[in-house]
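# An overview of the molecular structure
One letter stands for each residue in the lines below.
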Amino acid sequence: MATESYDAYREDVIGRANVADTDALRAYYAELKHVHAGALWTVANKIEPWEPKSESVPVVWRYADLREKVLRSIDLVTPEQAGRRVIYLENPGRSEVVAAVGWLYSGLQVMHPGELASSHRHSASALRFIMEGEGAYTNVDGHKMTLGANDFVLTPNGTWHEHGVREDGTPCIWQDGLDIPLMNALEAGFYEVHPELQQAVTYAVDDSTLHWGNPGLRPAGSDWSKRYSPLFKYEWGPTYEALQRFARASDGSPFDGIHMDYVNPATGGAVMATIGASIQMLRPGEHTKAHRQVGSFLYQCCKGSGHSIINGQRLDWQERDIFCVPSWMFHEHVNASASDDACLFAFHDLPVMKALGLYREQALGENDGHQPIVS
Ligand code: GTQ
């Protein structure tokens with residue numbers, strides 16, 4: 001037997017359950033079901049795939065479609081009624097678990113000037129990426145932060161947090177990202193309401209960024225042993241500047257262009273235990289090569305425009321559009337502009353995959369690293 005056909009034989013015949021239904025077996029399965037049991041060979045191929053098979057599908061959520069609908073919710077419900085006034089992103093393959101991709105939740109939260117979303121805390125880890133508006137703020141365990149476009153903010157699990165917009169501000173919209181579906185999958189989620197609507201501001205405004213957001217420097221003698229970053233707000237100005245500086249000295253990644261991780265400055269590791277985040281810049285005309293990773297990703301285009309090809313499907317995006325890359329799907333990114341760079345913010349569950357020893361990545365070996373576009 002030739003090697004190739006032996007491989008096929010091994011996979012299809014030896015490796016896989018292959019039991020034809022008979023009347024006797026059907027009766028047997030019914031008997032097992034009656035005692036809350038089942039025959040493994042009836043489910044084995046489904047529950048033990050050769051490689052990750054995501055139930056999520058690639059989706060792009062266009063801001064042009066969503067923005068007006070999100071703003072309309074201001075007239076329909078108050079933050080007091082809703083708790084959080086958020087329009088969530090639903091992946092058609094994950095609607096049952098309210099996930100935007102894999103085990104990650106995302107939504108667009110909108111607040112009107114003078115509004116406040118009351119203080120609470122939960123087992124889920126959360127982040128925000130600011131999309132538009134003036135005067136938004138968040139308070140995380142007494143650390144109040146002012147928020148501007150493209151700022152990236154953490155509300156780590158277990159921290160009290162509330163959000164608001166100043167009276168003299170404008171309607172504000174930001175993207176929320178949380179691991180709510182993962183917490184529910186693990187049956188590990190708690191949720192608590194703060195005794196006060198609004199917790200006290202117990203530190204200088206923006207103190208976490210002033211302490212921990214200085215490049216290559218940390219407060220002398222500081223110690224920090226929590227499982228999340230002591231830096232809660234990563235401002236856009238220095239982030240974009242860092243991309244520019246890195247690009248002067250590096251060609252970047254063949255798969256992601258100029259690509260930098262947001263890190264916990266105390267450890268150099270991911271910003272939270274379950275969610276990591278990155279920012280990347282695609283230079284004018286850049287077309288990256290395809291690779292795939294074990295892990296789920298949600299991207300927001302925060303500058304420029306372009307498209308990504310995900311498992312052969314082309315998704316066009318422009319500023320403020322959000323799209324997902326499900327686990328183990330090949331993806332490559334294109335900045336179609338000849339003159340302007342394009343930037344993508346992303347968050348993902350790689351800290352979970354890496355902590356559990358599950359992370360793998362693979363470059364597309366054929367066709368010079370580019371996928372044929374099938375749709
Ligand atoms: O702001 O804490 O989009 O708890 C979903 C759940 C936002 C929040 C969401 C939440 C929050």
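To start, this report covers the structure provided alongside it. Everything numeric here is computed off the predicted structure, so don't read it as measured data.

### Describing the overall build of the protein
Counting secondary structure elements, the protein contains nine helices and 22 strands. Rg of the C-alpha trace for the protein: 23 Å, near the compact-globule value of 21 Å for 375 residues, within the 12% margin. Across its three principal directions, the C-alpha atoms of the protein cover 75 × 55 × 50 Å. At a minimum sequence separation of 6, the contacts of the protein that also span at least 24 residues come to 76%. Just so you have it, the protein exposes about 18,800 Å², and 53% of that area is on carbon and sulfur atoms. Separation of charge centres in the protein, based on 31 positive and 48 negative side chains, amounts to 1 Å.

### So, the site of the ligand
Around the ligand lies a shell formed by Arg-84, Val-86, Tyr-105, Gln-109, His-120, His-122, Arg-128, His-161, His-163, Asp-176, Leu-178 and Ile-180. Between an oxygen atom of the ligand and a side-chain N or O atom of Asp-176, the distance comes to 2.7 Å. Protein contact buries 91% of the 290 Å² of open area that the ligand shows by itself. Counting residues per element, the ones that place at least two in the shell around the ligand are strand S3 (105-111), strand S4 (116-122), strand S9 (161-165) and strand S10 (172-178). Across the shell around the ligand, the residue classes tally to four nonpolar, five polar and three charged.

### Notes on a nonpolar patch on the surface
A surface patch of nonpolar side chains, about 370 Å² in accessible area, is lined by Tyr-6, Tyr-9, Val-13 and Ile-14. As for its position among the elements, Tyr-9 is in helix H1 (residues 3-14).

### Overview of helix H8 (residues 236-249)
The terminal C-alpha atoms of H8, which comprises 14 residues, lie 21 Å apart, in line with the 20 Å expected from a rise of 1.5 Å per residue. Here H8 has its buried residues at Trp-236, Thr-239, Tyr-240 and Leu-243. An end-on view of H8 places all buried positions within 95° of arc, on one side of the element. H8 presents Pro-238, Arg-245, Arg-248 and Ala-249 as exposed residues on the side facing more than 90 degrees away from its buried surface. In this structure, the buried residues of H8 make contact with strand S12 (233-234), strand S13 (258-262), strand S14 (276-282), strand S16 (297-303) and strand S21 (342-348).

### Observations regarding the sheet that holds strand S5 (residues 126-132)
The six strands lie next to each other as S2-S3-S10-S5-S8-S12, forming an open sheet whose pairing is antiparallel. Across the chains shown, the open sheet's two edge strands, defined by having one partner strand only, are strand S2 (86-88) and S12. Examined bridge by bridge, S2 and S3 share three bridges and lie antiparallel to one another. Across the sheet, residue Tyr-88 finds its bridge partner in S3, namely Gly-107.

### Re the sheet that holds S21
Here six strands make up an open sheet; going across it, the order is S1-S19-S16-S21-S14-S13 and the pairing antiparallel. The open sheet has two edge strands, strand S1 (60-61) and S13, and neither has a second partner. As defined by bridge partners, S14 adjoins S21 across seven bridges and the pair is classed as antiparallel. Across the sheet, residue Ser-278 finds its bridge partner in S21, namely Ala-346.

### Brief notes about the packing of aromatic side chains
As enumerated under the stated definition, the model contains 15 aromatic pairs in all. Aromatic side chains Tyr-28 and Tyr-29 sit 6.3 Å apart centroid to centroid with 45° between the ring planes, which places their arrangement in the tilted category. According to the relative accessible area criterion, Tyr-29 is buried, its value standing at 18%. Three or more aromatic residues joined by ring pairs make a cluster, and in this case those are Phe-129, Phe-152, Tyr-234, Tyr-262, Phe-345 and Phe-347. Between Arg-94 and the ring centre of Trp-103, over which it is positioned, the NZ or CZ distance is 4.5 Å.

### Digging into the nonpolar core
Judged by nonpolar contacts, the single largest core of 53 residues is most densely connected at Trp-61, Leu-108, Phe-152, Tyr-262, Leu-298, Phe-345 and Phe-347. Setting aside chain neighbours within four positions, we find Trp-61 in contact with Leu-66, Leu-89, Glu-90, Asn-91, Ala-100, Leu-298, Asp-321, Ile-322, Phe-323 and Cys-324.

### Digging into unusual backbone geometry
Non-glycine residue Asp-141 carries a positive phi angle of around 50°. For Asp-141, a relative accessible area of 26% translates into the label partly exposed. Residues other than glycine seldom take positive phi values, yet Arg-320 does so here, at roughly 80°. With respect to the helices and strands, the residue Arg-320 is situated in the loop between strand S18 (313-318) and strand S19 (322-325).

### Details of the side chain of Gln-293
As for its placement among the helices and strands, Gln-293 is situated in strand S15 (residues 291-293). Polar side-chain contacts of Gln-293 include one of 3.3 Å to the side chain of His-291. With residues near it in sequence (within four places) discarded, Gln-293 still touches Ser-327, Trp-328, His-331, Leu-350, Tyr-359, Arg-360 and Glu-361.

### Concerning the pattern of salt bridges
Tallied over the full model, the rule gives 16 salt bridges. For Lys-233, the salt bridge identified is with Glu-235, shortest N-O distance 3.1 Å. Lys-233 gets classed as buried once you look at its relative accessible area, which sits at 2%. What you see here is one network of salt bridges that share partners, running through Asp-21, Asp-23 and Arg-26.

### Side note on the pairing of strand S7 (residues 143-147)
Taking every second residue as pointing to the same face, the buried face of S7 carries His-143, Met-145 and Leu-147, while none of Lys-144 and Thr-146 on the other face is buried. In the sheet, strand S6 (residues 136-140) pairs with S7 via five bridges, with the strands oriented antiparallel. The partner of Asn-139 across the bridge, within S7, is Lys-144. Linking S6 back to S7 in an antiparallel pair, the connection comprises two residues, with Asp-141 at a positive phi of about 50°.

How each quantity is defined
Residues numbered from 1 in each chain as written. Predicted model: local features only at pLDDT ≥ 70, side-chain atom pairs only at ≥ 80, totals over all residues. Heavy atoms only, no water. Helix = DSSP H or I, 4+ residues; strand = E, 2+ residues; numbered from the N terminus. Rg over C-alpha atoms; globule rule 2.2 N^0.38 Å. Contact = heavy atoms within 4.5 Å. Areas by Shrake-Rupley, 256 points an atom, 1.4 Å probe, with all protein chains shown as cover. Lys, Arg positive; Asp, Glu negative; His and termini not counted. Charge placed at Lys NZ, Arg CZ, Asp CG, Glu CD. Near = heavy atom within 4 Å. Polar contact = N/O pair within 3.5 Å; in protein donor to acceptor, adjacent residues only side chain to side chain. Nonpolar A, V, L, I, M, F, W, Y, C, P; charged D, E, K, R; others polar. Patch = residues over 30% accessible without salt bridge, like charges linked within 9 Å, V, L, I, M, F, W, Y side chains within 5 Å. Salt bridge = Lys/Arg side-chain N within 4 Å of Asp/Glu carboxyl O. Expected span 1.5 Å × (residues − 1). Buried < 20%, exposed > 50% of the residue type's maximum accessible area, 1.4 Å probe, protein only. Arc of directions from axis to C-beta. Pairing = 2+ DSSP bridges. Phe/Tyr/Trp six-rings, centres within 6.5 Å; stacked < 30°, edge-to-face > 60°. Lys NZ or Arg CZ within 6 Å of the ring centre and 35° of its normal. Core = buried A, V, L, I, M, F, W, Y, C linked by side-chain atoms within 4.5 Å.

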